[in-house]
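The primary structure of each chain is shown beneath.
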Amino acid sequence: MGQVVATAERVVGAPADRVRSALADYTETRRRVLPEQFSDYRVEAGGQGEGTRVAWRFAATSKRVREQLVEVTQPDTDTLVETDTRSSMVTTWTVRPADSGATTVRVRTTWNGAGGVGGFFERAFAPKGLRRVYEDLLGRLERELSAS
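Residues numbered from 1 in each chain as written. Predicted model: local features only at pLDDT ≥ 70, side-chain atom pairs only at ≥ 80, totals over all residues. Heavy atoms only, no water.

Undergrad: Which residues make up the nonpolar core, and what values do they have?
TA: Counting 34 residues, the largest nonpolar core has Val19, Leu23 and Trp93 as its most contacted members. Among the secondary structure elements, those contributing two or more residues to this core are β1 (3-12), α1 (16-24), β2 (38-45), β3 (53-59), β4 (65-76), β6 (90-97), β7 (103-112) and α3 (116-147). Each residue touching Val19, except ones within four places of it in the same chain, is listed here: Val12, Ala14, Val95, Thr103, Val105, Leu141 and Leu145. (Core = buried A, V, L, I, M, F, W, Y, C linked by side-chain atoms within 4.5 Å. Buried < 20%, exposed > 50% of the residue type's maximum accessible area, 1.4 Å probe, protein only. Helix = DSSP H or I, 4+ residues; strand = E, 2+ residues; numbered from the N terminus. Contact = heavy atoms within 4.5 Å.)

Spelled out as C-alpha cells, the structure:
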C-alpha cells in the first residue's frame, strides 16, 4: 500500500473572498458545480465551511462507486479540508489571491492505495482521472462566479 495523490489547480477570474465563500457554501454553490460523477448529494449538518457534514456518491468509473460522508474543517482562512469518514481520503482546497482580482484554487486529494497489482494500477490511473474531475469542477466554479 502507498499513498495516492491527485491534484488540480486553476486561476479563477474572481476575487479570493468570493472564491472562498463559494467553496465553503456546501448548501448551494457546491451542489451546482459538482460534475456528474457526484450524485445523491446531501448536506447532513452545517452547510457553510467548518463543521459541515455532507454525503455523496462518487463514481470514479461505472464500476468504482464510493459512498462518502465528508466532514469539513477549516484550519485557516484560505484552506478547507474535507475528510471522508468512511475511508482514508482527504481533500484539501487552498485559495490564494493572484493578480488583478483573480484567485488560484488548488485541490489536493490523498488516500491510502491498495497493494499489489491493483494498487499499481490505482496509483498509475486514479490521479489522472480524479484530476480531470477536479478540472471540470473548477471550470464550473469559475462559470458560476462569473455568472453571479
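Undergrad: Help me get a handle on the pairing of β6, residues and values and all.
TA: When strand β5 (residues 79-84) meets β6, the two strands line up antiparallel, connected through five bridges. Its bridge partner lying in β6, Val81 is registered against Thr92. Here β5 folds back onto β6, and the loop between the two strands holds five residues. The pairing of β6 with β7 spans eight bridges and is classified as antiparallel. (Pairing = 2+ DSSP bridges.)

Undergrad: Please provide a residue-by-residue account of the pattern of salt bridges, values included.
TA: Taken as a whole and assessed by the stated rule, the structure comprises 13 salt bridges. When the shortest N-O distance is used, the salt bridge between Arg32 and Glu28 registers 3.5 Å. According to the relative accessible area criterion, Arg32 is partly exposed, its value standing at 44%. Classification of Glu28 by relative accessible area gives partly exposed; the value is 44%. The shortest N-O distance in the salt bridge between Glu82 and Arg30 comes to 2.6 Å. A residue pair is termed long-range when its members are at least 10 positions apart, and Glu82 in strand β5 and Arg30 in helix α2 (residues 29-33) qualify at 52 residues. Judged by its relative accessible area of 6%, Glu82 is buried. Shared partners join several salt bridges into a network, and the residues in it are Arg20, Asp78 and Arg96. (Salt bridge = Lys/Arg side-chain N within 4 Å of Asp/Glu carboxyl O.)

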